[in-house]
Amino acid sequence: MNYEQYKTSVQDDIQSCMENLQVQPILFVGSGMSQRYFNAPCWDKLMFSMAERCPLITKRFAYYQQQHNKDNTKIASVFSDLYSEWAWEEGQEKFPHEMFEPEVTKDSYIKYEVVSYIKSLSDNFQISTNPYAAEIESLRKVKPHSIITTNYDDALEKIFPDHHKVIGQEIVRANYTSYGEILKIHGCLSDHKTIVLTSEDYSDFNKRKKYLSAKLLTYFAEHPLFFIGYSITDSNIKGILSDIDEILAPNNELIPNIYMVCFDSESDNKQGLPTEQLVTIDATRSVRLKVIYASDFKWIFDALSSCTPEITVNPRLIRSLLARTYKLVNSDLPKQDLPFNFKMLQDIEDKPNVLPTLFGITQLTDAQAFNANFDFTLTEVARKLGGSYWSHADQLLTKVFEDTKVNIKATDNKYHVSIKTGVKSATHKYSQQTVDLLLKVQNNETYSLDI
C-alpha cells in the first residue's frame, strides 16, 4: 500500500485502540523530540560539546570514542574527573561558590555544565514561532494521561503547562497513581544533581529500574502507549521493556496498545511500510510492538486527539482529587479524623454510583440506570473472558460479524452503545449480554443475536 493508505490504516488502528481502552494515552518522549523542536544535542553532540568546554580535555573527541567503544556514559565518567579537577583549579569562577563544599560529589561539575548548555538551548524554545508550531498544537490537543521522558530539558513543561513535573526518585516515592504528570525518569535541568549521565549513574538507575518498571506497568497494560523521539534500538526502550515483556507479551505476542513512532524523512515516498516490528531486548528475548513511520507527526497527533473529549477536566483538578482521596482513605478514615457518613461509605462497594455523590458530583437518574446496563469497557469484557487485552474481545466480535454479518459495534443495541463525548469522539460501552454472547463464541457454542 502507498503512504496515504498506510496513514489511513494506522489512524484506524489508533482509533480502535483508543475507543476500546477508553483512557487517554501515555506518551514516552525521547531526545529526538527535543532535537526536532529546538535543536537539542544527541548523545554524541552533547559529549563533544562538553569536551570543547573543558580545557583539561586535550585530546580529540574521537580518541575517547575509540578508547571507550563509543559508550558515552563511560566517556561522561572520564570527563567527570577532568571537570572536577578543572573546577578546583582554573575553572572555579565558572561554578557557584556553594559547589566547593566537601559533600558535593565530583560529578556535579560536568552535570552543572550539561544543564547550563541544555538550558541555553531550551530557553529559545517558543511554540508560537517554532517551525513545527502546527504539529506542537496538535500534540497539545492529545491531552495525555501522563508523559514519561528521559529528556532533561523543559520543553514538555511548556507544551503541557497543566501537567505536574515529577523528577527522578520522586516517581518511586509517590504513594498513589496520579494523573497529568510529566515523569522525568533521568532527571531535569532544574536540578543538575538529578540527571543520569555517567556510567555510575546508569548503573545506579538500572538497580532501581525494577521499582520504576513495576510502577509504570499499570500504565503500559491499561493505556495506549506511544514511544516518540527514540530509535527502535534505543537502550532506554530495551531497558524498560526488558522488565515488562514477560507480563505484557509472554509468548512473543504482539502488544496491541504499544506503538513506536519512528522518524523517516523519506516515509512519504515509500510503499509497504511495516505496521509492527520485532524489537530485540537481549540475546534470547524480543518483543513485538506496533510501529509507525513518519516524517511529520501532526497526522499521528490528530489521530490521537480525535478520540479525546473536547471538554476535559483540568489535570490539576484531577491530581488534587486523587491526592485528597488518597489521604482520605490512607489517613482520615482509619483515624476517624472527620465525622463521616459510614453508611454511605459501606454502600460504595455494592453501589458504584454512590462514590460520585460522596465527592459531591451529581448524576441524573437516567444516567445511573444507563450505566447499570452498559457498565463494561471492551478491556473489561476481555478480562471477564479470561483475556489480557481489549483485542481478545475485539477478535470475538469480529468472528460474530463473520458468522452473522452483523457488526455489533456499528449501532446502539442491547450489547453495545456509543456515547458521544465530542464532535469527533465517542466512548463505547458494553453490557453483560455482550459478555454472555462472547463467552459462547469463545467456547464454540451455538449462539444467536437479538439486536
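Details of the structure are given in the entry above.
Figured I'd write up the structure that's included with this text. (Residues numbered from 1 in each chain as written. Predicted model: local features only at pLDDT ≥ 70, side-chain atom pairs only at ≥ 80, totals over all residues. Heavy atoms only, no water.)

1. Side note on the nonpolar core
Logical step 1: One finds Ile14, Phe28, Tyr37, Ile148, Phe226, Ile292 and Val381 to be the most contacted residues of the largest nonpolar core, which totals 88 residues.
Logical step 2: Per element, the largest residue contribution to this core is seven residues, and it comes from helix α1 (residues 3-21).
Logical step 3: Contacts of valine 381, omitting those with residues within four sequence positions, involve Phe376, Ala393, Tyr430, Val435 and Leu438.
Logical step 4: Counting residues in each nonpolar core, the second largest holds 28 residues, with Ile57, Ala76, Val115 and Tyr152 among its members. (Core = buried A, V, L, I, M, F, W, Y, C linked by side-chain atoms within 4.5 Å. Buried < 20%, exposed > 50% of the residue type's maximum accessible area, 1.4 Å probe, protein only. Helix = DSSP H or I, 4+ residues; strand = E, 2+ residues; numbered from the N terminus. Contact = heavy atoms within 4.5 Å.)

2. Notes on the packing of aromatic side chains
Where two aromatic rings form a pair, the distance of their centres and the angle of their planes describe that pair.
Logical step 1: All told, the structure shown has 20 aromatic pairs when counted by the stated rule.
Logical step 2: Each ring, one from tyrosine 3 and one from tyrosine 6, has its centre 5.6 Å from the other, and the planes form 25°; the classification is stacked. With tyrosine 3 and tyrosine 6 both in helix α1 and three residues apart, this pair spans about one turn of that helix.
Logical step 3: You can call tyrosine 3 buried: its relative accessible area is 5%.
Logical step 4: Taking relative accessible area as the criterion, tyrosine 6 reaches 1% and is therefore assigned buried.
Logical step 5: Taken together, the ring pairs in this structure connect Tyr83, Trp86, Trp88, Phe95, Phe100, Tyr109 and Tyr112 into an aromatic cluster. (Phe/Tyr/Trp six-rings, centres within 6.5 Å; stacked < 30°, edge-to-face > 60°.)

3. A word on unusual backbone geometry
What you tend to see is this: most non-glycine residues have negative phi, and most peptide bonds are trans.
Logical step 1: The phi dihedral of glutamine 22 falls on the positive side, at around 60°, and the residue is not glycine.
Logical step 2: Topologically, glutamine 22 is positioned in the loop between α1 and β1 (26-29).
Logical step 3: Under the relative-accessibility criterion, glutamine 22 is labelled partly exposed at 22%.
Logical step 4: Located in the positive-phi region is lysine 405, a residue other than glycine, with phi close to 65°.
Logical step 5: Checked against the element boundaries, lysine 405 lands in the loop between α19 (390-404) and β9 (416-420).

4. Let's talk about the environment of lysine 45
Logical step 1: Along the chain, lysine 45 turns up in helix α3 (residues 43-53).
Logical step 2: If sequence neighbours within four positions are ignored, lysine 45 has contacts with Asn39 and Tyr117.

5. Notes on the sheet that holds strand β6 (residues 254-263)
Logical step 1: Strand order in the open sheet formed by eight strands is β3-β4-β2-β1-β5-β6-β8-β7, with mixed pairing between adjacent strands. Single-partner strands in this sheet number two, and they are β3 (164-167) and β7 (276-280). Between one strand axis and the next, the sheet turns by 25° as a mean value, whatever way the strands run.
Logical step 2: The pairing of β6 with strand β8 (residues 286-294) spans six bridges and is parallel. Bridge pairing in β8 places leucine 254 opposite arginine 288.
Logical step 3: α1 rests against β5 (225-228), β6 and β8 of the sheet, and its axis sits at about 125° to β8.
Logical step 4: On the sheet, helix α10 (residues 199-222) packs against β1, β2 (146-149), β4 (181-184), β5 and β6 and is oriented at approximately 120° with respect to β2. (Pairing = 2+ DSSP bridges. Axes fitted to C-alpha atoms, helices over the stretch in contact; angles between N-to-C directions.)

6. Some remarks on the pattern of salt bridges
Logical step 1: Under the counting rule described, the total for this entry stands at 21 salt bridges.
Logical step 2: Among the salt bridges present, the one from lysine 7 reaches glutamate 4, with a minimum N-O distance of 3.7 Å. One end of the pair is lysine 7 and the other is glutamate 4, both in helix α1 and three residues apart, which spans about a single turn.
Logical step 3: According to the relative accessible area criterion, lysine 7 is buried, its value standing at 18%.
Logical step 4: Residue class for glutamate 4 comes out exposed when judged on its relative accessible area of 52%.
Logical step 5: For aspartate 204, the salt bridge goes to arginine 208, with nearest N and O atoms at 3.3 Å. In this pair, aspartate 204 and arginine 208 both sit in helix α10, four residues apart, roughly one turn of the helix.
Logical step 6: Assessed through its relative accessible area of 39%, aspartate 204 is described here as partly exposed.
Logical step 7: What you see here is one network of salt bridges that share partners, running through Asp107, Lys111 and Asp201. (Salt bridge = Lys/Arg side-chain N within 4 Å of Asp/Glu carboxyl O.)

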